[in-house]
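# Fold and contact review
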Amino acid sequence: MKFNVSSTLLCNRLLTLSRVLASKNSLQILDCILFELEDGKLRLTASDSETTLVSTLDVNEADQNGKFAIKANTIVSSLKEISEQPITIEVNAETHEIVITYQNGTSNFVGQSGDEYPIPQGIANDVHQLNLDTQVLLNGISRALFAAAADDSLRPQMSGIYFDVTEENLTFVASDGAKLVRDRNFTVKGDQPASFILPKKPAKMLKDILAREAGEAVIKFDDRNALFTLENFTLSCRLIEGRFPNYNSVIPQDNPFRITIDRQALLGALRRVMVFANVSTSLVKLRIDTNTLTVSAQDISYATSAEEHVMCDYSGTPMRIGFKGTFLIDILNSITSDEVVLELADPSRAGVIVPAEQGEGEDLLMLLMPMMLNE
């Protein structure tokens, strides 16, 4: 078997696919990337047994069909050092010897039989399907991913992104109990109510891939698996089982205090003040007065403190509230509008942060639980 392909194109695809692979695999073959050549198309597959990523590209002068597997580290490391040029890959179907020929030389190593590569579990016939713009999918995943729980041992359902499909919208939700993201998009509608929880690893993979994709994304899912079909990649993964908590019930309604503030000004103040916050708690205090928001932090152990004043639009009763500064910065980084609205009820109830101007067809809401103030 012999074919020609662009060194850069192949290397870039392999770099993306190799991120799926686990550091330790139960099957040795899963350290490899599967190459399948058929009718002038090269299909590349990488899997950790739960998440599988596939990409297809055109090749030239393919003389026959076949499949083989190469250790990801071997092929990626060798191609990274080759400048953009056509390369020839020749494979001995019996011995699995592989020869890569390029402008200034050759490399020779032994691969493995492609027949040993496990076939991922497919989607059931009774599936739900969503068609949406790749930018909508990228926005939803990017905004929600940081809020998913890091520990999946206690409540695994909260360690991923919840896709809530209704006949009116698609809602992306993530929460770790301290913070919550609810991103509704009214341009995407389902034929009937359906939902699934996407694990964090495939969500991160999709976030990286979607930044370079265009056009339409197609999502098919059943009770156990989901399949994301993009322009250059197809990702299938096992879903998180269980029921996601009722996220709407924890969002406070009719908050009487509304502060409108420049997002970048608040973000800058938080970053500067956070340098002097207690490392273990990251507590920042917000004092809200008429048209002024005061951001402060201190670390009593090291006798350090900082305070900044930021202009805002507020005419209500003065109040004070504390938040974990790192979480508040994450939330502000996930919003793109020039101004944000902070909705509060009292220092013991969650604060709601929304863009001052929502995107077209969108309803984005962030929630952050307060921290106790000592004084």
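Below you will find a few notes about this structure.

About the thresholds
Residues numbered from 1 in each chain as written. Predicted model: local features only at pLDDT ≥ 70, side-chain atom pairs only at ≥ 80, totals over all residues. Heavy atoms only, no water. Phe/Tyr/Trp six-rings, centres within 6.5 Å; stacked < 30°, edge-to-face > 60°. Helix = DSSP H or I, 4+ residues; strand = E, 2+ residues; numbered from the N terminus. Buried < 20%, exposed > 50% of the residue type's maximum accessible area, 1.4 Å probe, protein only. Core = buried A, V, L, I, M, F, W, Y, C linked by side-chain atoms within 4.5 Å. Contact = heavy atoms within 4.5 Å. Pairing = 2+ DSSP bridges. Axes fitted to C-alpha atoms, helices over the stretch in contact; angles between N-to-C directions. Salt bridge = Lys/Arg side-chain N within 4 Å of Asp/Glu carboxyl O. Arc of directions from axis to C-beta.

## As for the packing of aromatic side chains
In this structure the tally under the stated criterion is 9 aromatic pairs. With 4.7 Å between their ring centres and 0° between their planes, Tyr 162 and Phe 244 make a pair best called stacked. Residue Tyr 162 is found in strand 11 (residues 160-165), and its partner Phe 244 is found in the loop between strand 17 (233-238) and strand 18 (257-262); the two are separated by 82 residues along the sequence. Centroid distance Phe 163 to Phe 228: 6.5 Å. Interplanar angle 65°. Geometry classified as edge-to-face. One end of the pair, Phe 163, is in strand 11; the other, Phe 228, is in strand 16 (residues 225-229), and 65 residues separate them in sequence. The exposure class assigned to Phe 163 is buried, which follows from its relative accessible area of 0%. Through a chain of ring-to-ring contacts, three or more aromatic side chains come together here, namely Phe 163, Phe 172, Phe 196, Phe 221 and Phe 228.

## Focus on the nonpolar core
Leu 10, Phe 35, Leu 137, Phe 163 and Phe 228 are the most contacted members of the largest nonpolar core, which totals 103 residues. Among residues more than four places away in sequence, those in contact with Leu 10 are Val 5, Phe 35, Leu 42, Leu 44, Leu 79, Ile 87 and Ile 89.

## Some points on the sheet that holds strand 5 (residues 66-71)
Strands sit in the order 9-5-2-3-4-17-16-15-10 across an open sheet of 9 strands; the sheet is antiparallel. Either end of the sheet is taken by a strand with one partner, and the two such strands are strand 9 (112-113) and strand 10 (128-133). Sheet topology places strand 2 (residues 32-38) next to strand 3 (residues 41-47); 5 bridges connect them, and they run antiparallel. Opposite Phe 35, over in strand 3, you have Leu 44 as the bridge partner. Contacts between helix 3 (residues 134-145) and the sheet are confined to strand 10, strand 15 (216-221) and strand 16, with strand 10 contributing the most and set at about 100° to the helix. Contacting strand 4 (51-58), strand 16 and strand 17, helix 4 (residues 200-210) crosses the sheet at an angle of about 165° to strand 17.

## Some points on the pattern of salt bridges
Scanning the entire structure with this criterion turns up 14 salt bridges. The partner of Arg 143 in a salt bridge is Glu 362, and the shortest N-O contact between them spans 3.2 Å. With Arg 143 in helix 3 and Glu 362 in strand 25 (residues 362-368), this pair connects stretches of sequence that are 219 residues apart. The pair Arg 143 / Glu 362 is uniform in exposure class, with both members buried. Between Glu 308 and Arg 272 there is a salt bridge, with its nearest N and O atoms 2.6 Å apart. One end of the pair, Glu 308, is in strand 21 (residues 304-313); the other, Arg 272, is in helix 5 (residues 263-274), with 36 residues separating them in the sequence. A residue is classified by how much of its surface remains accessible, and Glu 308, at 21% relative accessible area, is partly exposed. Its relative accessible area of 46% is what places Arg 272 among the partly exposed residues. A single network of salt bridges, built from pairs that share partners, joins Arg 143, Asp 183 and Glu 362.

## What about helix 4?
Residues of helix 4 that are buried include every one of Pro 202, Ala 203, Met 205, Leu 206, Ile 209 and Leu 210, and no others. Each buried residue of helix 4 sits inside an arc of 160° when the element is viewed along its axis, so together they form one side.

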